[in-house]
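# Tertiary structure, described
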Amino acid sequence: MLIKSFSEHGFHHAEMNQDNQDAVYYGNNKNFTVISLADGVSECLQARTGAEIASRASTNLLLKHGDLFMELDNQKIAQIVISHVLYELRYVANRDSKKIEDYSSTLSCVLLDKRRNKILCMNLGDAIILASDPGNCKVLTMPYDSSEGCCVTTTYNAYLATVVNFFDTSSIDSVVICSDGAWKQMFQKNKLKYEVFALIAASKYDVLEQFLRRQKCFDDFSFISLDMKQSRKGKAA
């Protein structure tokens, strides 16, 4: 497995001397790999901490109980993961005498089952999950329609707004989760820019990082990718 994580300040937060409020996290064991990304809500006082807790808690839960999650229905998966994240957020909020809403963030995860050759994608909020197969790039999970506000971890019944899907990995080379600060630089008129399409189709995430660094990103911009080609080559050998 080859995992590439990248997270950088947008110029707005840098100028305001604020922390980067995106958090990426991953875990790996014999049977499963998990990557996650959370984007802290800028208006919340503990946005960065909340994003870190959400990404870490969800990753560890999915990694530990991967077999269970690969068998559950979609809504139950969302309910269990979001409930676990809320439990961790509430513990820290109570410990530090703060409101749980101060720790709000989006949350996106990908769980790879190496034995079943399947991935579970979960998305709450305005991140996007993309996948590459030879010569192509496709959207696995769209961002939440935030025209009336974006659902986040502390939104009431947030699990109902969480999208969960399963995909076969036999024709997928890699997957990547991008925060809204990143993917908004990658699209033009609701279509991936040709340069970005080509980079993801070829799983060239080091070059994608270089592309993003050249953009003038207002918001924090982050991605985490999982390249699965090496694992398939290893099995074939």
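The following paragraphs examine the structure supplied in this document. Remember, it's a predicted structure, so these values are computed and weren't measured experimentally. (Residues numbered from 1 in each chain as written. Predicted model: local features only at pLDDT ≥ 70, side-chain atom pairs only at ≥ 80, totals over all residues. Heavy atoms only, no water.)

### Looking at the pairing of strand 2 (residues 22–28)
To be explicit about the condition: Pairing between strands is defined by DSSP: at least two bridges between the two strands are required. Each helix is a run of DSSP H or I of at least 4 residues and each strand a run of E of at least 2, with the numbering of both proceeding from the N terminus.
Bridging between strand 2 and strand 3 (residues 32–39) involves seven bridges; their strand directions are antiparallel. If you follow V24 over to strand 3, its bridge partner there is L37. Linking strand 2 to strand 3, which pair antiparallel, is a turn of three residues.

### Some words on the packing of helix 6 (residues 194–201) against helix 7 (residues 205–214)
Definition in use: An axis is simply a line fitted to the C-alpha atoms; with a helix, the fit covers only the stretch in contact. Between two such axes, the angle follows the N-to-C directions and lies from 0 to 180 degrees. What sets the label is the angle itself: under 35 degrees gives roughly parallel, over 145 gives roughly antiparallel, 65 to 115 gives roughly perpendicular, and the rest give oblique. Crossing handedness: left-handed means the near helix sits turned counterclockwise from the far one by under a right angle, and right-handed means the same turn made clockwise. Whether two residues touch is decided by their heavy atoms; if any such pair falls within 4.5 Å, the residues are in contact. Residue type decides the class: Asp, Glu, Lys and Arg count as charged, Ala, Val, Leu, Ile, Met, Phe, Trp, Tyr, Cys and Pro as nonpolar, and the leftover types, Gly among them, as polar.
Across the interface, helix 6 lies against helix 7 with an axial gap of 8 Å and an inter-helix angle of 155°. Classified by the interaxial angle, the pair formed by helix 6 and helix 7 is roughly antiparallel. For the pair helix 6 and helix 7, the crossing hand works out as left-handed. Contact residues: E195, V196, L199 and I200 in helix 6; Y205, V207, L208, F211 and R214 in helix 7. A breakdown of the residues in the contact of helix 6 with helix 7 according to their chemical character gives seven nonpolar, no polar and two charged.

### A look at helix 6
Selection rule: Think of it in three bands: with a 1.4 Å probe and only protein chains considered, a residue is buried below 20% of the maximum accessible area for its type, exposed above 50%, and partly exposed in between.
Here helix 6 has its buried residues at V196, L199, I200 and A201. Check the buried side of helix 6 and you find it contacts strand 6 (128–133), strand 7 (136–141), strand 9 (174–178), helix 5 (180–186), strand 11 (191–192) and helix 7. Residue S203 follows helix 6 closely and has a positive phi angle near 55°.

### Focus on the sheet that holds strand 6
Reading across from one edge, 1-12-9-6-7 is the order of the five strands in this open sheet, with antiparallel pairing throughout. Strands with a single pairing partner mark the edges of an open sheet, and in this sheet they are strand 1 (2–8) and strand 7. Within the sheet, the average angular offset between the axes of one strand and its neighbour, ignoring direction, is 20°. As defined by bridge partners, strand 1 adjoins strand 12 (residues 221–227) across seven bridges and the pair is classed as antiparallel. In the sheet register, F6 faces strand 12, and the bridge partner there is F223.

### Concerning the pattern of salt bridges
A side chain with one charge may pair with a side chain of the opposite charge, provided their charged atoms come close. Going by this rule: Put simply, a salt bridge is a Lys or Arg side-chain nitrogen that is within 4 Å of an Asp or Glu carboxyl oxygen.
Taken as a whole, this structure holds 13 salt bridges when the rule is applied. The partner of E209 in a salt bridge is R213, with the nearest N and O atoms 3.0 Å apart. Remark: R213 and E209 occur in helix 7; sequence separation between them is four residues, near one turn of the helix. Relative accessible area serves as the criterion here: at 47%, R213 is assigned to the partly exposed category.

### Digging into the packing of aromatic side chains
Let me state the cut-off plainly: For Phe, Tyr and Trp, rings pair up if their centres lie within 6.5 Å, where Trp contributes its six-membered ring, and each pair is then called stacked (planes under 30 degrees apart), edge-to-face (over 60) or tilted (otherwise). Two thresholds decide whether a charge sits over a ring: the Lys NZ or Arg CZ must be within 6 Å of the ring centre and within 35 degrees of the ring normal.
Tallied over the full model, the rule gives four aromatic pairs. Ring geometry for W183 and F187: centres 5.9 Å apart, planes at 85°, overall edge-to-face. W183 gets classed as buried once you look at its relative accessible area, which sits at 18%. Each member of the aromatic cluster is reached from another via a ring pair, and the members are F6, Y205, F221 and F223. Just above the ring of W183 sits the side chain of K184; from NZ or CZ to the centre is 5.9 Å.

### Let's talk about the nonpolar core
Defined as follows: Residues belong to a common nonpolar core when they are buried Ala, Val, Leu, Ile, Met, Phe, Trp, Tyr or Cys residues joined through side-chain atoms within 4.5 Å.
By size, the foremost hydrophobic cluster in this structure holds 35 residues, and its most contacted members are F69, V81, I82, L107, L111, L120 and M122. If you tally residues by element for this core, the top one is helix 4 (residues 74–95), at nine residues. When residues no more than four places from it in sequence are discounted, the contact partners of F69 are L61, L62, I77, I80, V81, L111, L120 and F166. In terms of nonpolar packing, the next biggest core, distinct from the first, is built from 21 residues, A182, V196, I200 and L208 among them.

### Concerning the environment of T154
Test applied: The definition of a polar contact used here is a pair of N or O atoms within 3.5 Å, where within protein one atom must be able to donate a hydrogen and the other to accept one, and adjacent residues in sequence count solely through side-chain atom pairs.
Structurally, T154 can be placed in the loop between strand 7 and strand 8 (163–168). Excluding residues within four positions of it along the chain, T154 makes contact with L86, L89, I100, E101 and S104. A distance of 2.5 Å separates a polar atom in the side chain of T154 from a polar atom in the side chain of S104.

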